[in-house]
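Working through the structure, step by step
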Amino acid sequence: MNRSGIKPCTALAVLLLLVSVPAQAQLGLPLPRDPLGTLGQVTDAVGDAARDTLEPVRDLGRGVRALAQDRLRRLSRFAQDNRASVELDDTGAPARRGEVLLLDPASDDIDLARGKGYGLIEHGTIGGLDIAYARLAVPEGRSLERSLKDVRKMLPGREITADQIHFPSGGATAAAGAASATGALPRGGTVGVIDGGVAGSDRLAGRRGFARDAPRPNDHASAIASLLAGAGTAKIYNADVYGSDPAGGNALAIAKALGWMREEGVPVVTISLVGPQNVLLGRAIAAARAKGLVVVAAVGNDGAAAPPAYPASYPGVVAVTGIDGKGRVLIEAGRALHLDYAAPGADMTALVPGRGRIALRGTSYAAPLAAARIAARYPRLGSSVTALKATDSEAVRASKRTGRGVLCGACRKGI
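Here the structure is a predicted model, which means the values were calculated and not measured.

Procedures and definitions
Residues numbered from 1 in each chain as written. Predicted model: local features only at pLDDT ≥ 70, side-chain atom pairs only at ≥ 80, totals over all residues. Heavy atoms only, no water. Axes fitted to C-alpha atoms, helices over the stretch in contact; angles between N-to-C directions. Helix = DSSP H or I, 4+ residues; strand = E, 2+ residues; numbered from the N terminus. Parallel < 35°, antiparallel > 145°, perpendicular 65-115°, else oblique. Contact = heavy atoms within 4.5 Å. Nonpolar A, V, L, I, M, F, W, Y, C, P; charged D, E, K, R; others polar. Buried < 20%, exposed > 50% of the residue type's maximum accessible area, 1.4 Å probe, protein only. Arc of directions from axis to C-beta. Core = buried A, V, L, I, M, F, W, Y, C linked by side-chain atoms within 4.5 Å. pLDDT = per-residue confidence, 0-100. Salt bridge = Lys/Arg side-chain N within 4 Å of Asp/Glu carboxyl O.

As for the packing of helix 7 (residues 251–263) against helix 8 (residues 279–290)
- Two numbers describe how helix 7 lies on helix 8: the axes approach to 9 Å, and their chain directions differ by 10°. Between helix 7 and helix 8, the angle falls in the class roughly parallel. Here Ala251, Leu252, Ile254, Ala255 and Leu258 of helix 7 lie close against helix 8, whose contacting residues are Leu280, Leu281, Ala284 and Ile285.
- Broken down by class, the residue content of the contact of helix 7 with helix 8 amounts to 9 nonpolar, no polar and no charged.

Details of helix 10 (residues 384–392)
- Along helix 10, the positions that sit buried rather than exposed are Ala387, Ala390 and Thr391. Along the long axis of helix 10, the arc covered by the buried residues comes to 100°, so they all point the same way. Opposite the buried face of helix 10, at more than 90 degrees from it, the exposed residues are Val385 and Lys389.
- Taken together, the buried residues of helix 10 touch strand 15 (341–344) and helix 9 (366–375).

What about the nonpolar core?
- If you look at the biggest cluster of nonpolar residues, it comprises 42 residues, and the most contacted ones within it are Ile194, Val241 and Leu258.
- When residues in this core are grouped by element, the largest group, 9 residues, is from helix 7.
- Counting residues in hydrophobic clusters, the runner-up holds 39 residues, among them Val198, Val268, Leu369 and Leu407.

Some details on the confidence of the model for the protein chain
- Across the protein chain, the average pLDDT comes to 84, with 80% of residues at or above 70.
- For the stretch residues 1–60, pLDDT sits under 50, and the model shows 112 contacts to residues farther than four places along the chain or on other chains.
- Within the model, pLDDT remains below 50 along residues 176–184, and this stretch shows 16 contacts once partners closer than five positions in the same chain are excluded.

Examining the pattern of salt bridges
- For the structure on display, the rule yields 22 salt bridges.
- Here Arg283 ties to Glu159 by a salt bridge, and the two come within 2.4 Å at their closest N and O atoms. Note that Arg283 is positioned in helix 8 and Glu159 in the loop between helix 5 (144–154) and strand 5 (160–164), a separation of 124 residues in sequence.

The structure is reproduced here in structure tokens:
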């Protein structure tokens, strides 16, 4: 029994009935903007709420349904508002309009595609990762969905994908109070931020753009840099994959950013972006990890009913969820196929040039705090495996919904 007199199992049954319809409706659909797990994580969330009162359980049910509905609305609205640059691919995910990506192309592959009316936009190798690719322009008047099917039929056995788009997984509002970071934690280290452009950070050691008009500062990336500085990170590298491009945040841009980070010798990269599974980005992350790069990613904010988030769900990526000031996992926290850590993601602030101090909420802001703790030890400890084991030693275990534990629990104020 909880204080309301309602058994947790009864509250759980109520919530499962509430979320079953939107969860089924989302099966197979991509993420439009922001999101490990299984149904067990949803039931854990209910159990946590039921231990307090029935009302939080009701709120949680309404919240999950609203998140599911909002996610579908955002997908439709984004595609409609950016028709000139964006269209849906064969999985229903937003992607760069009129472009097909071909991995490891042979010269006769490109010639064959040209003979079928496809144009060659770009043909190269992603620096630092040694992944060859070609960007093909689809024939005029042909949809991306149909073109992907045609090219796969034309080039069986080749890896072919749309250039799918990824979205930030956090928000900012007006200024609010927050506790300063405290505690004798290891400081220093270098973290790369793959996001929008960072403005005004004295820790910025390098930056580069991978989109039109990039690097171009935005609040999301600048808040992440502020949090990293507040957590003690000594150097920040920034790759802007958005610029002013409506189709920014695409898989190719993120893959190129990872390659650049690797060439610059950045040991830890944080990515607070969310999108669908993409063969090129999966290959890029695997290649970067094989070269010693630690990739940290947010699980997103589309709720427990959303499909698994990427890049957080790729093997070996450090997946991070967010907690509020009372240590509760955020109601909107998304899912990945595994969960490593939790870190503060609400009841916190960052200092953003031109905006002053702003209040933050979302798993976007938890990922860089976890990255800061890992970077404080790596490469000083010599290997990513050793650094992650050392990081585990400071993680405060709360529940299985926080993975191996909470990191940087006092880090709630950026500088």
